[in-house]
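# Structure assessment
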Amino acid sequence: MNIKQLLTEITQAAFATLGVPADTNPAVTVSTRPEFGDYQINGAMSAAKALKTNPRQLAQQLLDALALDDIAAKAEIAGPGFINISLKPQWLASQLQAAVQDPRLGVAKNNAPQTVVVDYSAPNLAKEMHVGHLRSTIIGDAVVRCLEFWGDTVIRQNHMGDWGTQFGMLIAHLEDKLAAGIDLEQVALADLENFYREAKKRFDDEDGFADKSRDYVVKLQSGDAHCQKLWQLFIDTSIKHSDEVYKKLNVTLTHDDIKPESAYNPMLHGIVEQLKASGLAVEDQGALVVFLQELADKEGNPSPFIIQKTGGGFLYSTTDLAACQYRSQELQADRIIIFTDARQGLHFKQVELTARKAGLLRADTAYDHCPFGTMMGEDGKPFKTRTGGTVKLAELLDEAISRAGTVVAEKASELSDDERAQVAAKVGIGAVKFADLSKNRTSDYVFSWDAMLSFEGATAPYLQYAYTRVRSILRKAGLDDDYQATIQLLEPQEKQLAVKLLRLEETLQQVMKDAQPNLLCNYLYELASLFMSFYEACPMLKDGIEPDVKASRLMLSILTARMLRQGLDLLGIEVMERM
Ligand code: ARG
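In what follows, the accompanying structure is described.

Rules used throughout
Residues numbered from 1 in each chain as written. Predicted model: local features only at pLDDT ≥ 70, side-chain atom pairs only at ≥ 80, totals over all residues. Heavy atoms only, no water. Phe/Tyr/Trp six-rings, centres within 6.5 Å; stacked < 30°, edge-to-face > 60°. Helix = DSSP H or I, 4+ residues; strand = E, 2+ residues; numbered from the N terminus. Buried < 20%, exposed > 50% of the residue type's maximum accessible area, 1.4 Å probe, protein only. Lys NZ or Arg CZ within 6 Å of the ring centre and 35° of its normal. Near = heavy atom within 4 Å. Polar contact = N/O pair within 3.5 Å; in protein donor to acceptor, adjacent residues only side chain to side chain. Nonpolar A, V, L, I, M, F, W, Y, C, P; charged D, E, K, R; others polar. Salt bridge = Lys/Arg side-chain N within 4 Å of Asp/Glu carboxyl O. Contact = heavy atoms within 4.5 Å. Pairing = 2+ DSSP bridges. Axes fitted to C-alpha atoms, helices over the stretch in contact; angles between N-to-C directions. 1 Å grid on protein atoms, 1.4 Å probe; cavity = no way out; pocket = protein on both sides within 12 Å on 5 of 7 lines; lining within 4 Å. Points joined across faces, edges and corners; volume = space filled by probe spheres on them.

## Considering the packing of aromatic side chains
Applying the stated criterion to the full structure yields nine aromatic pairs. Consider the rings of W163 and W231, whose centres lie 5.4 Å apart with planes at 75°: the pair is edge-to-face. Of this pair, W163 sits in the loop between β6 (153-157) and α6 (166-179) while W231 sits in helix α10 (residues 225-249), and the two are 68 residues apart along the sequence. Judged by centre distance (5.9 Å) and plane angle (75°), the ring pair of Y264 and Y326 falls under edge-to-face. With Y264 in the loop between α10 and α11 (265-277) and Y326 in helix α12 (residues 316-330), this pair connects stretches of sequence that are 62 residues apart. The pair formed by Y264 and Y326 is uniform in burial state, with each residue classed as buried. Among the aromatic residues, ring-to-ring pairing joins F383, F447 and W449 into one connected group. Stacked on the ring of F149, the Lys or Arg R104 has its end atom at 4.3 Å from the ring centre. Across from the ring centre of F455, 4.4 Å away, lies the NZ or CZ of K411, which sits over that ring.

## Remarks on the site of the ligand
If you check the shell around the ligand, you find D119, A122, N124, H133, H159, Y316, D320, T340, Q344 and F348 and nothing else. Between D119 and the ligand, the recorded distance is 2.7 Å, taken from a side-chain N or O atom to a nitrogen atom. In this structure, a nitrogen atom belonging to the ligand sits 2.8 Å away from a side-chain N or O atom of N124. Looking at the shell around the ligand residue by residue, the class counts come to three nonpolar, five polar and two charged.

## A short note on the pattern of salt bridges
In the structure shown here, the tally under the stated rule is 29 salt bridges. Between D141 and R145 there is a salt bridge, with the nearest N and O atoms lying 3.1 Å from each other. Highlighted residues: D141 and R145, both in helix α5 (residues 131-150), separated by four residues, approximately one helical turn. The residues D141 and R145 share a single accessibility class, namely buried. For R356, the salt bridge goes to E352, with nearest N and O atoms at 3.0 Å.

## Quick notes on the side chain of D436
As for its placement among the helices and strands, D436 is situated in helix α15 (residues 417-437). A distance of 2.8 Å separates a polar atom in the side chain of D436 from a polar atom in the side chain of Y445. Setting aside anything within four residues of it in sequence, one finds D436 in contact with R135, I138, I139, M375 and Y445.

## Describing the sheet that holds strand β8 (residues 287-292)
With respect to topology, three strands assemble into an open sheet ordered β7-β8-β9, the strand pairing being antiparallel. The strands lining the two open edges of the sheet, one partner per strand, are β7 (281-284) and β9 (303-308). Between one strand axis and the next, the sheet turns through 45° on average, direction left out of account. Here β7 pairs with β8 via four bridges, running antiparallel.

## Some thoughts on the layout of surface pockets
Of the pockets and cavities examined, the second largest pocket occupies roughly 860 Å³. If you trace the second largest pocket, you find 30 residues lining it, with V30, D38, K500, R503 and E506 closest to the centre. Of all the secondary structure elements, the ones that give two or more residues to the lining of the second largest pocket are α1 (3-18), β1 (28-30), α18 (492-501), α19 (504-514) and α20 (518-537). When the residues that make up the lining of the second largest pocket are grouped by side-chain class, the tally is nine nonpolar, 12 polar and nine charged.

## Focus on empty space enclosed by the protein
Take a probe with the size of a water molecule and roll it over the atoms, and the empty space left behind shows itself. Under the definition given, this model contains three cavities of 30 Å³ or more. Here the largest cavity is characterised by a volume of approximately 50 Å³. Residue lining of the largest cavity: M1, A99, L105, G106, V107, L501, L502, L504, E505 and M563, and that is the complete set. When grouped by side-chain class, the residues that make up the lining of the largest cavity number eight nonpolar, one polar and one charged.

And the structure:
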């Protein structure tokens, strides 16, 4: 059920009878205030402009032509030509009744599925995952879950950085250790961060080590078996590490989704040749560069996009061009979505422009780079450890779980130790995810343990608690999961809850269009808050309540619980029966 879409279609039909041009936007929105009804149709103003008539007059004609009898209890003109609509309680109730019967809770399934490639997480291997990859991982995963639920064919691609110049230095350092007789077990690759630091120090300080490292990169990239063997050790260890993080985070990425930079290596030479032959890439001081006038700076200098270094090495950029071709031509993607931090904005503009000009991206493949802002510490600076180092993701998540454990213990519930540990994991991880997902994607945000673990406000614990509240009401009432009752919407709180319950599909559409899970977070928070108001105003367990009123309220509660669980699941956040 999508009320906004229904009203849009009804308005379009009315527009047609009035001779309003078909491309006029009906501009259906949710009403911002209860006195404006439930929905508003604001398209009369632009329609009047198109027909060069008086907007209020046209609003009246539109109102007369709208086929709203079945669904609206009241529809009236306000201001310069807004049409405010109050929906009929009986109609809302029948829509809810249909949602109760439907495992998809009334959300339609996409009847024109698209193939969507989603590039997310993408840590750089041989380093610990850090907070930037946290954002990419959880935002990407939420969007993927929504697209799949809607019915698109989603291809996850974890574009892991396994091919950069850092591997030359790591291999060189490892080789020296092995040559000195230290065996592999003792090299303790598991502490990759430390190993990386050691190698980096030698790279910066030690004569000859940098050159040796560069040689190794070239060797590795041209297929030298020995180098590849050592390289594989780093890759395996890193992937083991990221697996643990993914598991803890409850994200859907698996090994099959890894399509690392190295996978594109065989394509790079051909891509560069093609760009050269077409004249798009030209030589500039020994490097091959695509000059993009479209992205010129203020002085009019074109933006340089280097695709091959002096000396022949390929770059991050070359790989991304190959990825465009693979995704658009081989995978036949209708849409490519990439989640990285905002600092890569220019890079992806350059990639898209170049790939379009070179015909690597089909014209009908949409290319959406979805940037996100920086996670800040409470001091207002980018999030770091107390000593200024990068925060290891695995440790951050452990801390979240342990802090959640304390918070859950304070709730003094009757959970066993075992249950409490499980709840703490769900609350801790949920809190980190919700705090991130609920922020406007493109802004920076402050990471605050206290805020995210609070039981008040828009947080995971609040929503998880709301869910357990509903479940406990249902337990007290002794209801089965397949309880059925007729819904009737008598009180205003019941009606408000009903309208919200019918807005999941509409919300998801917006989440998928703009890759903005924060809209789903808002939706769930508002839903939980409306439930709380309903619960206070509309008793259901007290004596003396009419049986059919009680049954209807319990039914509304059941639907709310299902909706909360479904919505949180789309965000990758788990619920529990008690906490
Ligand atoms: N590994 C990169 C980083 O950590 C992100 C890769 C994103 N995807 C891509 N196709 N470039 O910044």
